[in-house]
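# Summary of structural features
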4 protein chains.
Amino acid sequence: MPPRPRTTARKRPSQKRSQETVVAIVDATARVLKRDGYDHMSTNKVALAAGVSIGSLYQYFPSKEALVAALMERHFDEIRALFEEEAQRLAGVPLEVAVRAIIKRTIEAHQIDPILHQALEQVPRIGLLQKFDDVQERGRTLVHQYLLVSHESLRPKDLEIAADLIASLIEMVSHGAVLRHPNRLKDGVLVDETVDLILRYLKK
Amino acid sequence: MPPRPRTTARKRPSQKRSQETVVAIVDATARVLKRDGYDHMSTNKVALAAGVSIGSLYQYFPSKEALVAALMERHFDEIRALFEEEAQRLAGVPLEVAVRAIIKRTIEAHQIDPILHQALEQVPRIGLLQKFDDVQERGRTLVHQYLLVSHESLRPKDLEIAADLIASLIEMVSHGAVLRHPNRLKDGVLVDETVDLILRYLKK
Amino acid sequence: MPPRPRTTARKRPSQKRSQETVVAIVDATARVLKRDGYDHMSTNKVALAAGVSIGSLYQYFPSKEALVAALMERHFDEIRALFEEEAQRLAGVPLEVAVRAIIKRTIEAHQIDPILHQALEQVPRIGLLQKFDDVQERGRTLVHQYLLVSHESLRPKDLEIAADLIASLIEMVSHGAVLRHPNRLKDGVLVDETVDLILRYLKK
Amino acid sequence: MPPRPRTTARKRPSQKRSQETVVAIVDATARVLKRDGYDHMSTNKVALAAGVSIGSLYQYFPSKEALVAALMERHFDEIRALFEEEAQRLAGVPLEVAVRAIIKRTIEAHQIDPILHQALEQVPRIGLLQKFDDVQERGRTLVHQYLLVSHESLRPKDLEIAADLIASLIEMVSHGAVLRHPNRLKDGVLVDETVDLILRYLKK
DNA sequence: AATGAATGAGACTTCATTCAT
DNA sequence: AATGAATGAAGTCTCATTCAT
């Protein structure tokens, strides 16, 4: 079996032109990944889609995996930004408001690029894509921290489990809503129901 | 691009020896898929692992996809069996009992072969593997039907949304428990919490 | 730096057809190597020259190096055979006869395929081609052993150095004669001179 | 196939800085060639090792071959210098002294940079590297000329063959000694033996 | 003069699939 | 039915070389 190829970036592009090239390549990676799926995506197709020679692609990305890793990085950075920003504002906010905010943010995160999100889910979980699970792990942690602050007013005793439950639920609802039932987001019913579900569970 | 290869089985093996060969091949598919992931799995490796020549493999399975399709079929048949059997027994049973039963079954389903389950999740969603989503869809339907029967005693009005919420939640909890926190299944805390969560949501 | 590729054969061909394929590939390797030199030789050119698909080539030879290694093996086996056979006959034979015999054999060895021999000399000395040096080492050993037997009647004291000197000389004379001055082999002058040179040096 | 690239230097660097650059590049060529061998040596690696941009490298050397050609030139110029200088002194000198001097010079030549010497031996013999054979040819000529002067006192009749024999022998002994048996050069035994061998052959 | 980004031919290699035996 | 040799499209990746800045 061949050794796992390098996955980290090969070169810090310093000039402006090359930074544009890198962006073009990552953009193209997203397009091809969404269109063809991970295993029908090839470095040649990506180079072609990026309007760049295959050589240039390999100047910056040493492997197919590296391409997807960079794309994931970028995508999840956007998502993370959404949450970290929100996390600041949540301190001291009443439970219902906080829960509703988190749900909205999660849905927004899924709406950034739902098709891409789905495509990334099917990337083999090796080396690079711990990232996918990392983001969810981070979500669970944030929820856990929030719950810990208010633990006196909450019913569940094991807040780690509770946080897992809630974070997973929100993730799944958002995912399903954006991909399968976008219309359920028109009115606020789905969100209301989810808030309701969570509050009933948490409140004494 | 070559035409999409056939995906359905090539011939119904009639004799006993043939059936053993087929089983050996599907078993080998599972082993290789779990070890290497879909896109590092090759038909030659599978044939080797099955102790069968590549020619014989193609006698029974017309393509790589067909191998995985057969494996999925088999795995999900086991899971489906678990549920359909349970579904019989659930009619007229009190809500709490039913919810608890479904959760247990879902966990059992994930325990059949968690690694395989995870590997199958990452198979590209083309042609063959709608199956994966099919099973979850089927779960949602069963829950929906169950809820419809008792709709008078339930609080949520939109039972389709409620069913989605609940089915998704159970799936996710089971998945996470089996793969990430097997110890949480030792005592019944996680199950209890989940039952609690669902009942608080459903009950008037 | 990438890991050194495999160099040993990939598969023992069992059927007759495949053995022919292997021979055809090694033959083609010789032709291409002689024509283009090691670094302009490519696996594709070899496959083409062998009238075989590139896939078949890789079924039996995992790398360019492996091709050349197999070719060397075959070439040097012929040479070795020549010598080992002669070595038998040399025991107890008078010095002059022995020296003359070894020279003739060495020349014959170079005449098997002088162009190939020269091409092989320029193959990078890594992994596989220790073989080249091995053959010469073996030659030195044979000479050394022969000299040891007659050490009483010989003038030089350090017979290891003497053997080195003689073996190297014979190798170089043969090489130069075959490649640069084939006409010097017509009459026996060159051989006579070389025998003379060696005997004067060895005799008391 | 692309047309054979230029092999001669692209411009005569006139300023001091330029000349330093050229030297740095040739030095780097030597280091990389010794480390990686000709076909794993790349122009980019050389530029990197020289601390120069690839563009600058091509300003002075039009091709990979040109790099190695320049290196060969420099290496063999050193060697040639050694001999031409000695050749002056040899006129009228007694045979034994001359032979011993030539052997010593040859060994010195091999000691300049034995690893480089070996690496250069394996450079493909095309276009540029007749040089390698040229140097040896030059050695044979020098020996031949020397022998012609003293032909009356020498036993062999065909002095061209004799010169070939002797020059080849010296080359091979020196090569082997430096690369395989450096310790044999500590005391003078090997040199003495070689001188002995040659004189016995030449003297009436 | 120098830089280093860009190019693309072509090298190496795999693997799903076919087919002669 | 089985075997496994053979195929070749397609993929990954390198590197000598050019060219815009």
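The model shown is predicted, which means the values in this text are computed figures rather than measured ones. (Residues numbered from 1 in each chain as written. Chains lettered and ligands numbered in written order. Predicted model: local features only at pLDDT ≥ 70, side-chain atom pairs only at ≥ 80, totals over all residues. Heavy atoms only, no water.)

## Digging into the overall build of chain A
Helix and strand content of chain A: nine helices and zero strands. Considered along the principal axes of its C-alpha atoms, chain A spans approximately 60 × 40 × 30 Å. The contacts of chain A with a sequence gap of at least 6 include a subset with a gap of at least 24, amounting to 70%. Of the roughly 10,200 Å² that chain A leaves accessible, carbon and sulfur atoms contribute 53%. Where the 30 positive side-chain charges of chain A centre and where its 27 negative ones centre are 5 Å apart. (Helix = DSSP H or I, 4+ residues; strand = E, 2+ residues; numbered from the N terminus. Contact = heavy atoms within 4.5 Å. Areas by Shrake-Rupley, 256 points an atom, 1.4 Å probe, with all protein chains shown as cover. Lys, Arg positive; Asp, Glu negative; His and termini not counted. Charge placed at Lys NZ, Arg CZ, Asp CG, Glu CD.)

## Examining the protein's contact with DNA strand F
As a matter of local geometry, DNA strand F sits amid 39 residues, with Thr43(A), Asn44(A), Tyr58(A), Thr21(C) and Thr43(D) nearest to it. If you look at DNA strand F and keep only atoms within 4 Å of the protein, 63% of those are sugar or phosphate atoms. Gly55(C) places a main-chain nitrogen or oxygen 3.4 Å from a base nitrogen of DNA strand F. In the model, a phosphate oxygen of DNA strand F is placed 3.3 Å from a nitrogen or oxygen of the Met41(D) main chain. (Near = heavy atom within 4 Å. Polar contact = N/O pair within 3.5 Å; in protein donor to acceptor, adjacent residues only side chain to side chain.)

## Comments concerning the packing of helix H4 (residues 64-90) of chain A against helix H7 (residues 130-149) of chain A
Residue and element names in this part refer to chain A. Here H4 crosses H7 at 5°, and the two axes come no closer than 10 Å. One way to sum up the angle between H4 and H7 is to call them roughly parallel. Contacts from Ala69, Met72, Glu73, Phe76, Ile79, Arg80, Phe83, Glu84, Ala87 and Leu90 of H4 reach H7 at Lys131, Phe132, Val135, Arg138, Leu142 and Tyr146. (Axes fitted to C-alpha atoms, helices over the stretch in contact; angles between N-to-C directions. Parallel < 35°, antiparallel > 145°, perpendicular 65-115°, else oblique.)

## What to know about helix H6 (residues 114-121) of chain D
Inspection of H6(D) places Leu116(D), His117(D), Ala119(D) and Leu120(D) among the buried residues, and these make up the whole buried set. Seen end-on, H6(D) carries its buried residues on one side only, within an arc spanning 165°. (Buried < 20%, exposed > 50% of the residue type's maximum accessible area, 1.4 Å probe, protein only. Arc of directions from axis to C-beta.)

## What about the protein's contact with DNA strand E?
If you check the shell around DNA strand E, you find 38 residues, and the closest are Thr21(A), Ser56(A), Thr43(B), Thr43(C) and Tyr58(C). Expressed as a percentage, the sugar and phosphate content of the atoms of DNA strand E within 4 Å of the protein is 62%. For DNA strand E, a phosphate oxygen lies 2.9 Å from a polar atom in the side chain of Ser56(A). Tyr60(A) has a polar side-chain atom sitting 2.8 Å from a phosphate oxygen of DNA strand E. Of all elements in the fold, only helix H1 (16-36) and helix H3 (54-60) of chain A, helix H2 (43-50) and helix H3 (54-60) of chain B, helix H2 (43-50) and helix H3 (54-60) of chain C together with helix H3 (54-60) of chain D reach the threshold of two or more residues within the surface near DNA strand E. Within the surface near DNA strand E, the residues separate by chemical class into 12 nonpolar, 21 polar and five charged. (Nonpolar A, V, L, I, M, F, W, Y, C, P; charged D, E, K, R; others polar.)

## Thoughts on the domain arrangement of chain A
Where interface size is quoted, it is often the accessible area lost as the parts come together. Residues and elements named next belong to chain A. Domains assigned within chain A are domain 1 (16-62) and domain 2 (69-202). One C-alpha centre belongs to domain 1, the other to domain 2, and the line joining them spans 30 Å. Buried surface at the junction of domain 1 and domain 2, both sides included, amounts to about 810 Å², of which 78% is carbon and sulfur. Together, Leu33, Lys34 and Tyr38 form the three largest contributors to the area buried by domain 1 at its contact with domain 2, with a combined 59%. The tally of links between domain 1 and domain 2 comes to two salt bridges. As a salt-bridge pair, lysine 34 and aspartate 113 come within 2.9 Å of each other at their nearest N and O atoms. Scanning the region where domain 1 abuts domain 2 turns up two residue pairs in polar contact (both at pLDDT 80 or more). (Domains from an automatic or database assignment. Buried area = accessible area lost by both parts, 1.4 Å probe. Salt bridge = Lys/Arg side-chain N within 4 Å of Asp/Glu carboxyl O.)

## A word on the packing of aromatic side chains
Two numbers describe a pair of aromatic rings. These are the distance of the centres and the angle of the planes. Under the defined criterion, the tally for this structure stands at zero aromatic pairs over all chains. Positioned above the aromatic ring of Tyr38(A), the side-chain terminus of Lys64(A) is 4.5 Å from the ring centre. (Phe/Tyr/Trp six-rings, centres within 6.5 Å; stacked < 30°, edge-to-face > 60°. Lys NZ or Arg CZ within 6 Å of the ring centre and 35° of its normal.)

## Here we look at the relation of the copies chain C and chain D
Its rotation angle being 180°, the transformation that places chain C on chain D also includes 0.2 Å of axial translation and leaves an RMSD of 0.2 Å. As the rotation angle and translation indicate, the two copies are arranged about a two-fold axis. Ranked by how close their C-alpha atoms come to the rotation axis, the residues of chain C are headed by Gln122(C), at 2.4 Å. Taken as a fraction of all interface residues of chain C, those also at the interface in chain D reach 100%, which identifies the copy contact as same-surface. (Least-squares fit on C-alpha atoms with pLDDT ≥ 70 in both.)

## As for the interface of chain C and chain D
With 32 residues of chain C at the contact, the number on the chain D side is 32 residues. Both faces combined, the contact of chain C with chain D buries some 3,000 Å², and carbon together with sulfur accounts for 60% of it. The interface formed by chain C and chain D contains eight salt bridges. At the junction of chain C and chain D, the tally comes to eight residue pairs in polar contact (both at pLDDT 80 or more). Among the elements of the structure, helix H8 (159-180) and helix H9 (189-202) of chain C are those that each provide at least two residues to the side of chain C that touches chain D. With 10 residues, H8(C) is the single largest residue contributor to the side of chain C that touches chain D. Taken together, the residues of the side of chain C that touches chain D break down into 14 nonpolar, five polar and 13 charged.

## Brief notes about the pattern of salt bridges
Here the structure, examined in full by the defined rule, presents 72 salt bridges over all chains. Across the salt bridge formed by Glu86(C) and Arg105(C), the nearest N and O atoms sit 2.5 Å from each other. On the criterion of sequence distance, the pair formed by Glu86(C) in helix H4 (residues 64-90) and Arg105(C) in helix H5 (residues 95-111) is long-range, its members being 19 residues apart. Classification of Glu86(C) as buried rests on a relative accessible area of 9%. On the basis of relative accessibility, which here comes to 13%, the residue Arg105(C) falls in the buried class. Here Arg100(C) ties to Glu96(C) by a salt bridge, and the two come within 3.7 Å at their closest N and O atoms. Of the two residues, Arg100(C) and Glu96(C) are both situated in helix H5; the distance of four residues between them amounts to about one turn of the helix. One salt-bridge network, in which partners are shared between bridges, spans Glu137(A), Arg140(A), Glu160(A), Asp164(A), Arg180(B) and Arg184(B).

## Topic: the environment of Ala98(C)
All names here are of chain C. Structurally, alanine 98 is set in helix H5. With 45 residues separating them along the chain, alanine 98 and valine 143 place their C-alpha atoms 9.9 Å apart. Beyond its immediate sequence surroundings of up to four residues, alanine 98 is in contact with Leu90, Val93 and Tyr146.

## A word on the confidence of the model for chain A
Residue and element names in this part refer to chain A. The predicted model of chain A averages 87 in pLDDT, with 91% of residues at 70 or higher. Averaged pLDDT values over the elements of chain A bottom out at 86 in H7 and peak at 95 in helix H2 (residues 43-50). Across residues 1-5, where pLDDT falls below 50, the model places four contacts with residues more than four positions away in sequence or in other chains. (pLDDT = per-residue confidence, 0-100.)

## Focus: the environment of Pro156(C)
Structurally, Pro156(C) can be placed in the loop between helix H7 (130-149) and H8. Expressed as a C-alpha distance, the spacing of Pro156(C) and Leu202(C), which sit 46 residues apart in the sequence, is 6.4 Å. Excluding its chain neighbours within four sequence positions, the residues that come into contact with Pro156(C) are Ala162(C), Tyr201(C), Leu202(C) and Glu193(D).

## Side note on the environment of Ala69(B)
In this structure, Ala69(B) sits in helix H4 (residues 64-90). Residue class for Ala69(B) comes out buried when judged on its relative accessible area of 6%.

## Thoughts on helix H2 (residues 43-50) of chain D
All names here are of chain D. For H2, every residue scored as buried is listed here: Thr43, Val46, Ala47 and Ala50. Buried residues of H2, seen end-on, are gathered within an arc of 100° and therefore sit on one face of the element. Residues of H2 that are buried sit in contact with helix H1 (16-36), H3 and helix H4 (64-90). Phi turns positive, to about 70°, at glycine 51, one or two residues after H2.

## Observations concerning the packing of H4(A) against helix H5 (residues 95-112) of chain A
Residue and element names in this part refer to chain A. Between H4 and H5, the shortest axis-to-axis distance is 10 Å and the interhelical angle comes to 165°. The angle between H4 and H5 places the two elements in the roughly antiparallel class. As for how H4 packs across H5, the hand of that crossing is right-handed. Each of His75, Glu78, Ile79, Leu82, Phe83, Glu85, Glu86, Arg89 and Leu90 in H4 lies in contact with H5, whose residues at this interface are Ala98, Ala101, Ile102, Arg105, Thr106, Glu108, Ala109 and Ile112. Tallied by class, residues from the contact of H4 with H5 come to nine nonpolar, two polar and six charged. (Left-handed = near helix turned anticlockwise from the far one by under 90°.)

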